[in-house]
Amino acid sequence: MIIVFGSIGLDIVQSVRRLPRPGETVLTADYIMLPGGKGANQALAAARAGAAVRFVASIGDDDFGRRALVNLDLAGVNTTEVVRRSRPTACATISVDSDGENQIVVSSGANLETVAEQIYPSPGDLVLQQMEIPPMQIWAGLDRAAERGATTILNAAPFQPIPASALAKLDVLIVNEVEARMLAEDLGLDATELPGACAKVQQHFATTVVLTVGANGAMAFAHNQALQAGVLPIRALDTVGAGDAFVGAYTAAQSDGMSLADCLRWGSVAGGLACLKPGAQDGMPERAVIEAHQHEITIRPISE
Ligand code: RIB
């Protein structure tokens, strides 16, 4: 069972010709409102990839909260541990420009009231977290997962400094280039050479480190191997949620007992296909679609 412990919200997505500069207003005709939040997105991606998923989070007692749960319920995610809180459901304003580049502001709302006592992992479960709930609850969630014999995966997005004690409890850490750079700076590592920094984090904390590099694929640094994955040959329309699709499908593959190479393949297929539809959740592929495309992802060892 995968337990996703994290954020949920509603995304207000605006297509703009170009992203506004600080102090600038840009006009656009329409907007769409879609379910989002990194936790919910990753729970959905894992469920679509075929995993059994429990989602543990907080929403407000409002219409945004009800709308934010729709896709999860349709995908068969167990949402009975989503609690209604006094703050309103989180909301993100997302601007996407004509090159598919985006800018996101998240108002955290009820996500700030999410507490680690909401999760009850069992041995063999896999607990997946992101960083859109209060950091103290993330670390406490890790403690609860590790104490109860669950596997722990953290997607350090959006990045906040991670205590060494938390890094040491992680089985898998997934970061993109921005997050890897901030992590390296925080740990006093050379942030100009990210693969090297990730390899050092792996060695020091005995944590598998996965680095996603957008259109350049993904890398994984594990105890006895380092791998580089390619990408699907696609033209990205909207990269919002691509990272979440990668993380959810990677986690689903790991919970299925697949090899590191196959986890990377699944994550890379899902991340690529998620870029073909607007918004975070609509492009997340079903298991059969991932299986049909997985052979398109090349995997090769990274030499020292
Ligand atoms: O990763 C994409 C997500 O980040 C969006 O769905 C938005 O809610 C923000 O949290």
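Refer to the structure printed above.
Let us look at the structure shown here. Everything numeric in this text was worked out from a predicted model, so none of it was measured.

Here is what the cut-offs are and how they apply
Residues numbered from 1 in each chain as written. Predicted model: local features only at pLDDT ≥ 70, side-chain atom pairs only at ≥ 80, totals over all residues. Heavy atoms only, no water. Salt bridge = Lys/Arg side-chain N within 4 Å of Asp/Glu carboxyl O. Buried < 20%, exposed > 50% of the residue type's maximum accessible area, 1.4 Å probe, protein only. Near = heavy atom within 4 Å. Polar contact = N/O pair within 3.5 Å; in protein donor to acceptor, adjacent residues only side chain to side chain. Areas by Shrake-Rupley, 256 points an atom, 1.4 Å probe, with all protein chains shown as cover. Helix = DSSP H or I, 4+ residues; strand = E, 2+ residues; numbered from the N terminus. Nonpolar A, V, L, I, M, F, W, Y, C, P; charged D, E, K, R; others polar. Contact = heavy atoms within 4.5 Å. Pairing = 2+ DSSP bridges. Axes fitted to C-alpha atoms, helices over the stretch in contact; angles between N-to-C directions. Phe/Tyr/Trp six-rings, centres within 6.5 Å; stacked < 30°, edge-to-face > 60°.

## Some remarks on the pattern of salt bridges
No. 1: Counting across every chain of the model gives ten salt bridges.
No. 2: As a salt-bridge pair, R18 and E24 come within 2.5 Å of each other at their nearest N and O atoms.
No. 3: Of the residues examined, R18 reaches a relative accessible area of 37% and is grouped as partly exposed.
No. 4: Note that D61 and R66 form a salt bridge whose closest N and O atoms lie 3.7 Å from each other.

## Observations regarding the site of the ligand
No. 1: Neighbouring the ligand are the residues D11, G36, G37, K38, N41, A92, I94, V106, E132, G241, D244 and A280.
No. 2: In this structure, an oxygen atom belonging to the ligand sits 2.5 Å away from a side-chain N or O atom of D11.
No. 3: Within the side chain of E132, one N or O atom sits 2.6 Å away from an oxygen atom of the ligand.
No. 4: With the chains in place, 95% of the 280 Å² that the ligand exposes on its own is no longer accessible.
No. 5: Of all the secondary structure elements, the ones that give two or more residues to the shell around the ligand are α1 (38-48) and β6 (90-96).
No. 6: For the shell around the ligand, a count of residues per class yields four nonpolar, four polar and four charged.

## Overview of the side chain of Q137
No. 1: Tracing the backbone shows Q137 in helix α3 (residues 135-147).
No. 2: Given the relative accessible area of 19%, Q137 is considered buried.
No. 3: In this structure Q137 touches F5, T114, V115, A116, E117 and Q129, once residues within four positions along its chain are discounted.

## Some details on the sheet that holds strand β9 (residues 151-155)
No. 1: The ten strands are arranged β5-β4-β1-β8-β9-β10-β11-β12-β13-β14 in an open sheet whose pairing can be described as mixed. Single-partner strands in this sheet number two, and they are β5 (78-85) and β14 (299-301). Taking each pair of neighbouring strands and ignoring which way they run, the sheet shows an average axis angle of 20°.
No. 2: Pairing of strand β8 (residues 126-129) with β9 involves four bridges; the strand directions are parallel. Counterpart to V127 in the pairing with β9 is T152.
No. 3: The strands that helix α2 (residues 63-74) touches are β4 (53-60) and β5; relative to β5, the one it contacts most, it runs at about 170°.

## Topic: the packing of aromatic side chains
No. 1: Evaluated as defined, the whole model comprises one aromatic pair.
No. 2: Between F246 and Y250, the aromatic rings sit 6.1 Å apart at their centres with planes inclined by 20°, giving stacked as the arrangement. Separated by four residues within a single helix, F246 and Y250 lie in helix α7 (residues 242-255), roughly one turn from each other.
No. 3: What makes F246 buried here is its relative accessible area of 6%.

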